[in-house]
Amino acid sequence: VQLQASGGGLVQPGGSLRLSCAASGRFFSIGDMAWYRQAPGKQRELVAAITRGGSSNFADSVKGRFTISRDNAKNTVYLQMNNLEPEDTAVYYCNAHIRRTSMTSADYWGQGTLVTVSS
């Protein structure tokens, strides 16, 4: 099972980016999916999470600016980031709780994609 994240890059303050993360490989189902981020010198933090049914929650720092969505048919989670601020600069990681068989499950991580917000 692999998670492949994409969509990071350099953007000016106030700009937007959309991150994608697709799961591939053999598995039974995908449960909760989430995006985390880690800025230089800081701990990794939860940015947003979404259940298979579409319920979501967000870090206070991104509420009203970021949205999370998923396409269960494509095994993909998205993070739409609007009105980006320099403080959003970080490596963004996707995470998914994947059931590989009816009896086993585990958390998987993507490789990280760098988002830099700077003028």
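Structural data are supplied above this passage.
What counts, and at which threshold
- Residues numbered from 1 in each chain as written.
- Predicted model: local features only at pLDDT ≥ 70, side-chain atom pairs only at ≥ 80, totals over all residues.
- Heavy atoms only, no water.
- Disulfide = S-S within 2.5 Å.
- Helix = DSSP H or I, 4+ residues; strand = E, 2+ residues; numbered from the N terminus.
- Salt bridge = Lys/Arg side-chain N within 4 Å of Asp/Glu carboxyl O.
- Buried < 20%, exposed > 50% of the residue type's maximum accessible area, 1.4 Å probe, protein only.
- Pairing = 2+ DSSP bridges.

Participant: Report on the state of the cysteines, specifying residues and quantitative values.
Facilitator: One pass over the structure, following the stated rule, counts one disulfide. Paired through a disulfide, Cys21 and Cys94 show a sulfur-sulfur distance of 2.0 Å. Taking the torsion about the sulfur-sulfur bond, which here is approximately 50°, the covalent link between Cys21 and Cys94 counts as right-handed. With Cys21 in strand β3 (residues 17-24) and Cys94 in strand β9 (residues 90-99), this residue pair connects regions lying 73 residues apart in the sequence.

Participant: Go over the pattern of salt bridges with me, naming the residues and quoting the values.
Facilitator: Taken as a whole and assessed by the stated rule, the structure comprises five salt bridges. Between Arg37 and Glu45 there is a salt bridge, and its shortest N-O distance comes to 2.7 Å. Put simply, Lys63 and Asp60 hold a salt bridge, and the shortest N to O gap is 3.1 Å. Among the residues examined, Asp60 registers a relative accessible area of 65% and is labelled exposed. Where salt bridges share partners, they join Arg37, Glu45, Arg65, Glu85 and Asp88 into one cluster.

Participant: Kindly report on the pairing of strand β1 (residues 2-6), identifying the contributing residues and their values.
Facilitator: Covered by surrounding structure in β1 are Leu3 and Ala5 only, the residues Gln2, Gln4 and Ser6 on the alternate face being uncovered. Sheet analysis places β1 next to β3, joined by five bridges and oriented antiparallel. Bridge pairing in β3 links Gln4 to Ala22.

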